[in-house]
Amino acid sequence: MEQYIIKGGRPLRGEVSISGAKNAALPLLAAAIMTDETVMIDNLPDVRDIGVLLQAIESIGVMVERVNPNCVKIQAKNIQTTRVDYEHIRKIRGSYYLVGALLGRFHKAEVVLPGGCNIGSRPIDQHIKGFKALGAEVFIAHGMIITEAEQLAGSHIYMDVVTVGATINVMLAAALAQGRTIIENAAKEPHIVDVANMLNSMGANIKGAGTDVIRINGVPKLHGTEYAVIPDQIEAGTFMFAAAATKGDVLVRNVIPKHLESIAAKLLEIGCTVEEYDDAMRVVGCEYQKNTHVKTLPYPGFPTDMQPQIAVALALSNGTSIVTESLFENRFKYVDELSRMGAKITVEGNTAIIDGVSGFTGAEMTAPDLRAGAALVIAALAAEGFSLIDDIVYIQRGYERFEEKLKGLGAMIELVSTEKDVTKFKLKVS
Ligand code: EPU
């Protein structure tokens, strides 16, 4: 089993280049199978979830050519089945985008119910409501979502909650429905705009993505395209908070600063210096960071996917901070792990009350999910001494070459799989 061994206490310094956004790339890959022409997707993050989705589409007859680790050509001319039950697909959340894509193109789909990180109950009622509004029948049976429509017809859909997944999924199916679909109370995340942009470059007619009303005029057919995935806002934010927590100085390159506003605002509140460039952000940590309060919200609010990372920085700041999680009820599982390093955090319902401490000490920890796993790595980098982190497979699902990028910033971190590797690392850095 792979683990990270980390020797902390050294500020991160230097430059890091951000990869393409995992949560944009997943629906873009699904969109790519909505045409029989070739689609080339560049700036694809080379992470596990993407690999799983690519294997899943290959399993139904899609030709996937890896041009290089970050670029793929997809040719979905000879899809043999609309049933996707590839064994690993259950583990990833983004698998549900294949429902919207296949339903749009073939008017039917059977896809294993999605899994993903265990961060709380993750209903799909809004996806189902959207597909039904477009005229599809939808059933759940034997662990699959089964949907079929004689014809898909545009509709006026009001989302009961702001959901990234359902907004994108309905947009995918509606792109090839007859007539006009209006999605109200749509999510506004940057990846929604990215999916709309790629679909439009394939001949779709989607307007308003990035606002809470999206208008889609269905078209009969989509064609091939070449498209590059937007930079990963969450990966960028993770490195920005790593700079803050280790009191370092990091230039995060290849980002869209507009997508990072809520993250930069919190860094400024706690006393960091943040400099904005055209496609980069520099974060300089400060010796005495201040407390602040934060509540996770849909975009443009502070992202739930950054909640564990900011909590680490706040746990090392002066004073008491309050973190409120408003999207997923089970996203504080990292708190017990942080306590082992000396953090003082109490969780009450969806709120964490954090009393800042002056430092952490290294410990053995287990990554409970993707973002929490990344947060534990940040904590270990800021801590005195050695830390060992288990279950890093979660981190590998969404961060490309995480340890390599951190090493480029001076971090003492190694991917290890045996006791011997651990000893070797300790000797090397001591
Ligand atoms: N919700 C419903 N019904 C639905 C769908 C969602 O009630 O049909 C609720 C959820 O329970 C949640 C809220 O709506 O409280 C938002 O859920 P959303 O649909 O936006 O989340 P998701 O599509 O399941 C994606 C990302 C998550 C990220 C959230 C929020 C992917 C594959 N996953 O999940 O990413 O936290 O949006 O931004 O895109 C991660 O990358 O670590 C991760 C968990």
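Reference entry: report on the structure contained in this document. (Residues numbered from 1 in each chain as written. Predicted model: local features only at pLDDT ≥ 70, side-chain atom pairs only at ≥ 80, totals over all residues. Heavy atoms only, no water.)

**Observations concerning the overall build of the protein chain**
Next, step 1: A count of helices and strands for the protein chain gives 14 helices and 24 strands.
Next, step 2: By the compact-globule yardstick of 22 Å for 430 residues, the protein chain fits well, its C-alpha radius of gyration being 22 Å.
Next, step 3: Its C-alpha atoms give the protein chain principal-axis dimensions of roughly 65 × 45 × 40 Å.
Next, step 4: Counting every position in the protein chain, which comprises 430 residues, the buried fraction comes to 58%.
Next, step 5: Sequence-distant contacts in the protein chain: of pairs separated by 6 or more residues, those separated by 24 or more amount to 72%.
Next, step 6: Treating the 42 positive side-chain charges of the protein chain as one cloud and the 50 negative ones as another, the clouds have centres 1 Å apart. (Helix = DSSP H or I, 4+ residues; strand = E, 2+ residues; numbered from the N terminus. Rg over C-alpha atoms; globule rule 2.2 N^0.38 Å. Buried < 20%, exposed > 50% of the residue type's maximum accessible area, 1.4 Å probe, protein only. Contact = heavy atoms within 4.5 Å. Lys, Arg positive; Asp, Glu negative; His and termini not counted. Charge placed at Lys NZ, Arg CZ, Asp CG, Glu CD.)

**Here's the deal with the site of the ligand**
Next, step 1: Around the ligand sit 25 residues in total, of which Y96, D125, V164, D305 and L327 are the nearest.
Next, step 2: At a separation of 3.3 Å, an oxygen atom of the ligand approaches a polar backbone atom of P123.
Next, step 3: Within the contact set of the ligand, an oxygen atom lies 2.8 Å away from a side-chain nitrogen or oxygen of R371.
Next, step 4: The protein chains hide 91% of the 830 Å² of surface that the ligand would expose on its own. (Near = heavy atom within 4 Å. Polar contact = N/O pair within 3.5 Å; in protein donor to acceptor, adjacent residues only side chain to side chain. Areas by Shrake-Rupley, 256 points an atom, 1.4 Å probe, with all protein chains shown as cover.)

**Examining the sheet that holds strand 19 (residues 320–324)**
Next, step 1: Reading across the sheet, the 4 strands line up as 18-19-21-20 and stay open at both edges, with mixed pairing between neighbours. Where the open sheet ends on each side, the last strands, each with one partner, are strand 18 (293–295) and strand 20 (344–348). Taking each pair of neighbouring strands and ignoring which way they run, the sheet shows an average axis angle of 15°.
Next, step 2: Sheet strands touched by helix 9 (residues 307–315): strand 18, strand 19, strand 20 and strand 21 (351–355). Its angle to strand 21, the strand with the most contacts, is close to 25°. (Pairing = 2+ DSSP bridges. Axes fitted to C-alpha atoms, helices over the stretch in contact; angles between N-to-C directions.)

**Observations regarding the pairing of strand 19**
Looking along a regular strand, one sees side chains alternate from face to face of the sheet.
Next, step 1: Of the pairings in the sheet, the one linking strand 18 to strand 19 comprises 3 bridges and is parallel in character. Paired with H293 across the strands is I322, a residue of strand 19.
Next, step 2: Once the chain exits strand 18 it traverses helix 9 before rejoining the sheet at strand 19, and the crossover so formed is right-handed.
Next, step 3: Taken together, the 5 bridges between strand 19 and strand 21 define a ladder with antiparallel strand orientation. Bridged to T320 within strand 21 is D355. (Right-handed = clockwise from strand over helix to strand, strands pointing away.)

**Considerations on the pairing of strand 4 (residues 63–68)**
Next, step 1: Pairing analysis gives 5 bridges linking strand 4 to strand 5 (residues 71–75), with the strands arranged antiparallel. Among the inter-strand pairings, R66 is bridged to a residue of strand 5, identified as V72.
Next, step 2: Taken together, strand 4 and the strand that follows it, strand 5, pair antiparallel across an intervening segment of 2 residues.

**Describing helix 5 (residues 164–175)**
Next, step 1: Between its terminal C-alpha atoms helix 5 stretches 17 Å, which fits the 16 Å expected from 12 residues at 1.5 Å a residue.
Next, step 2: Where burial is concerned, most of helix 5 is hidden: 11 out of the 12 residues are buried.
Next, step 3: Buried within helix 5 are the following residues: G165, A166, T167, I168, N169, V170, M171, L172, A173, A174 and A175. (Expected span 1.5 Å × (residues − 1).)

That is the geometry; function is a separate question.
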